[in-house]
Amino acid sequence: MIDKLRKQAKLLEKQDSKYQIIEKILENDKCFLEMDIDTSYSILKDLNILPSDIDNVYLSLTTKDMYEK
């Protein structure tokens, strides 16, 4: 999922410089674990995640199992 978000940020950065910041944040695989929920949701909205999907995407990005390998 984080890789999909990185691709989306890369595409959008050409339109707006705020996406360069988002792209930099997404370089950290655990960025969603390290930021507050409001910032996380704001980034997901900026990356055009559908409002109906934001909860599920956020949960998948903050699930401990995702980071255990």
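The paragraphs below set out a description of the structure included in this document. (Residues numbered from 1 in each chain as written. Predicted model: local features only at pLDDT ≥ 70, side-chain atom pairs only at ≥ 80, totals over all residues. Heavy atoms only, no water.)

Take the nonpolar core next. Grouped together as the largest cluster of nonpolar side chains are 19 residues, with contacts concentrated most on Leu5, Ile22, Leu26, Phe32, Leu44, Leu47 and Leu61. Of all the elements in the fold, those that place two or more residues in this core are helix H1 (2-13), helix H2 (18-25), helix H3 (31-34), helix H4 (37-46) and helix H5 (54-62). In this structure, Leu26 is in contact with Ile2, Leu5, Arg6, Ala9, Cys31, Phe32 and Leu47, ignoring residues within four places of it in sequence. (Core = buried A, V, L, I, M, F, W, Y, C linked by side-chain atoms within 4.5 Å. Buried < 20%, exposed > 50% of the residue type's maximum accessible area, 1.4 Å probe, protein only. Helix = DSSP H or I, 4+ residues; strand = E, 2+ residues; numbered from the N terminus. Contact = heavy atoms within 4.5 Å.)

Take the pattern of salt bridges next. Working definition: two side chains of opposite charge can pair if their charged atoms are close together. The final tally for this structure, using the stated rule, is five salt bridges. Lys10 serves as the salt-bridge partner of Glu23, at 3.7 Å between the closest nitrogen and oxygen. Taken as a pair, Glu23 in helix H2 and Lys10 in helix H1 lie far apart in primary sequence, 13 residues in all. Salt bridges here are not isolated pairs; linked through shared partners, they connect Asp3, Arg6 and Asp29. (Salt bridge = Lys/Arg side-chain N within 4 Å of Asp/Glu carboxyl O.)

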